[in-house]
Amino acid sequence: MRVQALTGPYCQGLASGAGMGRQRHTAALDPAGCPADRTRDLQGRNTVELLSGADMIARFLQDEGVEYIYGYPGGAALHIYDALFRQDKVKHILVRHEQAATHAADGYARASGKPGVVLVTSGPGATNAVTGIATAYMDSIPMVVLCGQVMSHLIGDDAFQETDIVGVTRPIVKHSFSIRHPSEIPEVLKKAFYLASTGRPGPVVVDIPKDMTAPTERYEYVYPKKVKLRSYNPVTRGHTGQIKKAVEMMLKAKRPVFYTGGGVVTGKASEGLTDLVKQLGFPITTTLMGIGAYPQSDRQCLGWLGMHGSYESNMAMHHADLIIAIGARFDDRVTNNTSKFCPTAKIIHVDVDPSSVSKTVRADVPIVGPASSVINEMISLVQGHSIAHPEALADWWQKIDGWRADREGKLYEPSKPGEVLKPQEVIEALCRVTRGEAYVTTDVGQHQMFAAQYYKFDKPNRLITSGGLGTMGFGFPAAMGIKQNFPEDDVVCVTGEGSFQMMMQELSTCKQYGVGVKIVNLNNASLGMVRQWQDLNYKSRHAHSYMESLPDFHMLIEAYGFTAITVKTLDELEPALERAFANKHELVFLDVKVDPHEHVYPMQVPLGAMRDMLLSKTERT
Amino acid sequence: MRHIISILMENEPGALSRVVGLFSQRNFNIETLNVAPTEDPSLSRLTVTTIGDDRVIEQITKHLNKLIDVVKLVDLTEGNHIERELMLVKVKALGAARDEVKRTVDIFRAQIVDVTPSLYTVQITGDASKLDAFLQAMSPVGILEVARTGVSGIARGDKVLSL
Ligand SMILES: Cc1ncc(C[n+]2csc(CCOP(=O)(O)OP(=O)(O)O)c2C)c(N)n1
Ligand SMILES: [Mg+2]
């Protein structure tokens with residue numbers, strides 16, 4: 001057993017038994033930096049390429065097709081920065097705080113489906129990235145984080161800027177690596193990208209001691225086309241017998257509901273899901289993370305479910321006789337009290353991660369497999385069959401439509417002329433102005449819930465939000481990462497004055513790279529969501545949930561050279577939005593003053609069933 | 001119920017801390033833990049005893065399997081198996097008790113592996129309950145020090161945990 005503490009985590013034991021690739025070639029650092037070197041055979045032809053560890057990293061990123069890397073330099077990462085400087089294929093985006101680098105890479109990953117890449121230095125650089133790593137972990141987002149580390153001979157000595165970042169991040173990564181020899185770099189990086197992006201995706205940390213990237217030592221570089229990991233074989237399809245059983249239950253169901261989550265989005269299974277749901281004619285509700293996997297404007301979509309989900313979603317779940325869960329993990333913000341969860345339903349649970357199945361709620365038909373292949377199998381099994389109880393399904397729809405009608409026009413009370421705006425109407429206007437087609441990122445709080453409730457998403461990956469960790473500060477840098485990948489699309493960050501102040505330093509990054517995101521600040525001058533809980537549970541004692549000394553956002557934004565628009569009334573709202581979205585490449589900040597007394601409803605009653613909800617300040621189910 | 005889970009994992013730095021970290025992170029309990037390399041130097045075998053209902057044990061095995069460093073595992077308690085633990089104990093051995101200790105050691109088929117005028121060092125192997133029983137028998141005489149390895153185990157019959 002090679003235990004870190006006993007044998008040292010890095011170089012020991014590796015000096016002997018070094019294979020061909022470990023042959024060291026030292027070279028004096030020439031003034032031009034350290035360009036690629038090659039050994040030559042007798043005819044003088046190039047055979048193998050010799051690169052320093054740092055150049056291998058830069059080369060690997062190119063060969064892997066990485067377009068953007070988000071980062072911030074520092075001592076332990078300087079060899080890598082120098083290598084990046086001497087090439088121009090991989091574009092490095094300099095953020096203003098490492099947390100923003102991880103959120104930007106995360107936003108990029110969510111919108112593009114490709115892993116986000118981050119580069120930070122050791123110690124404080126790496127610890128600043130922790131919140132973003134945890135955010136990506138909770139939402140299963142593919143990300144590779146390269147962390148500089150102190151020289152290997154200093155590890156364990158409390159050296160300057162030393163942090164055991166592999167240890168710190170262990171519970172919040174899919175896996176992590178420490179580079180123990182420069183020659184391992186291509187293989188380890190390939191594994192990191194492979195692990196991050198396959199199976200249930202997640203962040204992977206690679207810890208790189210500074211001596212591993214020294215420009216004076218060169219090793220053979222070959223881009224590894226394949227990876228071998230004997231202990232990692234993500235499932236590629238579900239169990240056919242189980243899928244058959246599930247489809248039989250689906251065809252016989254009387255009150256079925258699809259409940260689908262982020263796994264359908266990251267698993268790129270939205271089209272299949274839409275086909276399947278349409279063929280069966282069943283209602284569907286999604287999680288916050290699953291929004292847009294099925295078009296929300298379609299009649300069969302009940303919106304999203306859970307703590308602040310729609311009334312009809314939660315009612316349908318509670319009364320269903322069959323729940324078809326795909327790529328969703330029955331988390332506590334969805335199920336409410338699991339012992340009262342969906343008392344009459346049988347549960348089919350499809351997930352690529354076996355440990356998600358039957359974790360909080362027991363599945364009657366567990367299916368471990370990727371959403372896309374399982375859904376496709378379901379579609380082919382459903383084809384040519386009709387449902388056993390069409391009349392029961394019709395009754396079920398009648399019931400659901402009744403629930404819908406119950407709440408119609410009662411979701412919130414719009415502002416009266418001259419009154420302060422309601423946050424909900426701001427989101428509805430935003431949806432109109434952007435024709436429901438923008439990438440919408442959010443921070444965390446009431447504004448997040450309003451954005452999810454009142455913007456109608458017809459495509460997956462369009463609502464980009466920190467669902468699992470609920471990270472304030474996520475929205476703005478995430479929007480930055482998306483806009484760079486989709487410069488011709490509208491990208492808007494819906495934020496609150498509390499959240500925005502957690503990452504507003506990134507205005508400077510946007511200025512440097514000309515990132516034209518739009519920011520809609522639902523300014524209620526308070527930590528609205530906290531305040532709402534205090535209203536409900538602490539007799540309105542607002543302990544530190546109001547914001548004193550808010551900056552003049554208008555001046556603040558102008559100080560960075562951007563346009564700010566302050567909006568106070570309904571008649572100012574749409575013109576301001578039109579103006580903001582007129583130029584796709586300009587950052588515009590809308591400071592919209594909204595009603596601080598507004599609450600987010602529906603809101604599930606703690607410890608209750610799905611159907612137990614507060615519907616407004618005065619009504620409950 | 002008590003379960004004995006044996007794990008083959010990569011003999012890599014940090015692998016053990018991932019396994020142990022998983023137990024604390026997810027609030028699973030560890031009764032005993034032992035780990036050593038196998039005949040294949042790239043693999044370590046780790047055996048953990050834990051207590052939990054079926055749901056918890058299912059979660060433990062699923063999460064362990066998810067760790068990239070875990071290559072294969074088996075819940076030995078699901079079938080017939082052999083369970084062993086080794087213990088070294090220093091007990092007082094003075095006057096009349098000296099003979100009494102020796103007799104008890106024989107009854108338990110333990111061995112005295114070191115002696116001084118005032119104490120015996122006893123080595124005993126068996127399942128955990130046998131070791132517990134020996135400690136109970138020795139406690140009136142005076143136990144000075146106990147070193148237990150934690151449970152190791154293997155399936156009976158043809159079943160083999162290997163790659
Ligand atoms: C980093 C972080 N700290 C604290 C919280 C707890 N929290 C959740 S919502 C919220 C208030 C957010 O205020 P604001 O951004 O103004 O949004 P609002 O609710 O007012 O729309 C807080 C403090 C959090 N989610 N994330
Ligand atoms: Mg606020």
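The model shown is predicted, which means the values in this text are computed figures rather than measured ones.

S.K.: Could you give me a rundown of the overall build of chain A, with the residues and numbers involved?
M.R.: The helix and strand inventory of chain A stands at 23 helices and 24 strands. Its C-alpha atoms give chain A a radius of gyration of 26 Å, near enough to 25 Å, the size a compact globule of 621 residues would have. Projected onto the principal axes, the alpha-carbon positions of chain A cover approximately 80 × 65 × 45 Å. Of all 621 residues assigned to chain A, the portion counted as buried reaches 58%. Taking all contacts inside chain A whose residues are at least 6 apart in sequence as the whole, residues at least 24 apart take part in 75%. Accessible area for chain A stands at about 24,700 Å²; split by element, carbon and sulfur atoms hold 53% of it. For chain A, the distance from the average site of its 64 positive side-chain charges to the average site of its 66 negative ones is 6 Å.

S.K.: Before we move on, can you summarise the coordination of the magnesium ion (ligand 2) with the specific residues and values?
M.R.: Residue and element names in this part refer to chain A. Protein-derived coordination of the magnesium ion (ligand 2) comes from Glu 497 (OE), Glu 497 (OE), Asn 524 (OD1) and Ser 526 (O), at a distance range of 2.1 to 2.6 Å. In this structure, the magnesium ion (ligand 2) is coordinated by six donor atoms arranged in irregular fashion, with angles at the metal of 51 to 175 degrees. Within one chain, the residues donating to the magnesium ion (ligand 2) are spaced in sequence as E-x26-N-x1-S. Of the two residues, Glu 497 is situated in helix H19 (residues 497-503) and Asn 524 in the loop between strand S20 (518-523) and helix H21 (528-537); the sequence distance between them amounts to 27 residues. In this structure Glu 497 comes out as buried when scored by relative accessible area, which is 1%. You can call Asn 524 buried: its relative accessible area is 9%.

S.K.: Could you give an account of the sheet that holds strand S8 (residues 175-178) of chain A, with specific residues and numbers?
M.R.: Residues and elements named next belong to chain A. The six strands lie next to each other as S5-S4-S6-S7-S9-S8, forming an open sheet whose pairing is parallel. Unpaired on one side and paired on the other, strand S5 (91-94) and S8 mark the two borders of the sheet. The average undirected angle you get between the axes of adjacent strands in this sheet is 20 degrees. With five bridges joining them, strand S6 (residues 116-120) and strand S7 (residues 143-149) adopt parallel strand pairing. Each bridged residue has a counterpart across the sheet, and for Val 117 the counterpart in S7 is Val 144. Running at roughly 165 degrees to S6, helix H4 (residues 98-112) makes contact with strand S4 (68-71), S6 and S7 of the sheet.

S.K.: So, the UniProt feature "domain: ACT" (unreviewed entry) in chain B: which residues are in play, and what are the values?
M.R.: When the UniProt feature table is mapped to this numbering, "domain: ACT" (unreviewed entry) covers residues 4-78 of chain B. In residues 4-78 of chain B, the share of helix is 32% and the share of strand is 37%. The end C-alpha atoms are 9 Å apart.

S.K.: So, the packing of helix H11 (residues 270-280) of chain A against helix H14 (residues 371-382) of chain A: which residues are in play, and what are the values?
M.R.: All names here are of chain A. Packing of H11 against H14 brings their axes to within 9 Å, and their N-to-C directions diverge by 30 degrees. One element, H11, and the other, H14, form an angle in the roughly parallel class. As H11 packs across H14, the resulting crossing turns out to be left-handed. Seen from H11, the contacting residues are Gly 272, Leu 273, Asp 275, Leu 276, Gln 279 and Leu 280; seen from H14, they are Ile 375, Asn 376, Met 378, Ile 379 and Val 382.

S.K.: Explain empty space enclosed by the protein to me, and be specific about the residues and the numbers.
M.R.: Residue and element names in this part refer to chain A. A full pass over the atoms with the stated rule returns one cavity of 30 Å³ or more. By volume, the largest cavity is sized at about 30 Å³. Forming the boundary of the largest cavity are Tyr 311, Arg 407, Leu 411, Tyr 601, Pro 602 and Leu 615. Class assignment for the residues of the lining of the largest cavity results in five nonpolar, no polar and one charged.

S.K.: Just give me the short version of the site of ligand 1, but keep the residues and values in it.
M.R.: Residues and elements named next belong to chain A. Taken together, 17 residues are adjacent to ligand 1, and Gln 446, Gly 470, Ser 499, Ser 526 and Gly 528 come closest. The side chain of His 447 places a nitrogen or oxygen atom 3.0 Å from an oxygen atom of ligand 1. One nitrogen or oxygen atom from the main chain of Gly 498 is found 3.0 Å from an oxygen atom belonging to ligand 1. With the chains in place, 76% of the 590 Å² that ligand 1 exposes on its own is no longer accessible. If you list the elements that add at least two residues to the shell around ligand 1, you get helix H17 (446-454), H19 and H21.

S.K.: Give me the lowdown on the environment of Gln 453 of chain A, citing residues and values where you can.
M.R.: Residue and element names in this part refer to chain A. Of note, Gln 453 is situated in helix H17. Judged by relative accessible area, Gln 453 falls into the buried class, the value being 11%. Sequence-wise, Gln 453 and Val 227 are 226 residues apart; in three dimensions their C-alpha atoms are separated by 42 Å. Each residue touching Gln 453, except ones within four places of it in the same chain, is listed here: Trp 304, His 308, Val 600, Tyr 601 and Pro 602.

Basis of the calculations
- Residues numbered from 1 in each chain as written.
- Chains lettered and ligands numbered in written order.
- Predicted model: local features only at pLDDT ≥ 70, side-chain atom pairs only at ≥ 80, totals over all residues.
- Heavy atoms only, no water.
- Helix = DSSP H or I, 4+ residues; strand = E, 2+ residues; numbered from the N terminus.
- Rg over C-alpha atoms; globule rule 2.2 N^0.38 Å.
- Buried < 20%, exposed > 50% of the residue type's maximum accessible area, 1.4 Å probe, protein only.
- Contact = heavy atoms within 4.5 Å.
- Areas by Shrake-Rupley, 256 points an atom, 1.4 Å probe, with all protein chains shown as cover.
- Lys, Arg positive; Asp, Glu negative; His and termini not counted.
- Charge placed at Lys NZ, Arg CZ, Asp CG, Glu CD.
- Donors = N, O, S within 2.8 Å, 3.2 Å for Na, K, Ca; no water.
- Tetrahedral: all angles 85-135°; square planar, octahedral: opposite > 155°, others 65-115°.
- Pairing = 2+ DSSP bridges.
- Axes fitted to C-alpha atoms, helices over the stretch in contact; angles between N-to-C directions.
- UniProt positions renumbered as here; feature names shortened; annotations may be inferred.
- Parallel < 35°, antiparallel > 145°, perpendicular 65-115°, else oblique.
- Left-handed = near helix turned anticlockwise from the far one by under 90°.
- 1 Å grid on protein atoms, 1.4 Å probe; cavity = no way out; pocket = protein on both sides within 12 Å on 5 of 7 lines; lining within 4 Å.
- Points joined across faces, edges and corners; volume = space filled by probe spheres on them.
- Nonpolar A, V, L, I, M, F, W, Y, C, P; charged D, E, K, R; others polar.
- Near = heavy atom within 4 Å.
- Polar contact = N/O pair within 3.5 Å; in protein donor to acceptor, adjacent residues only side chain to side chain.

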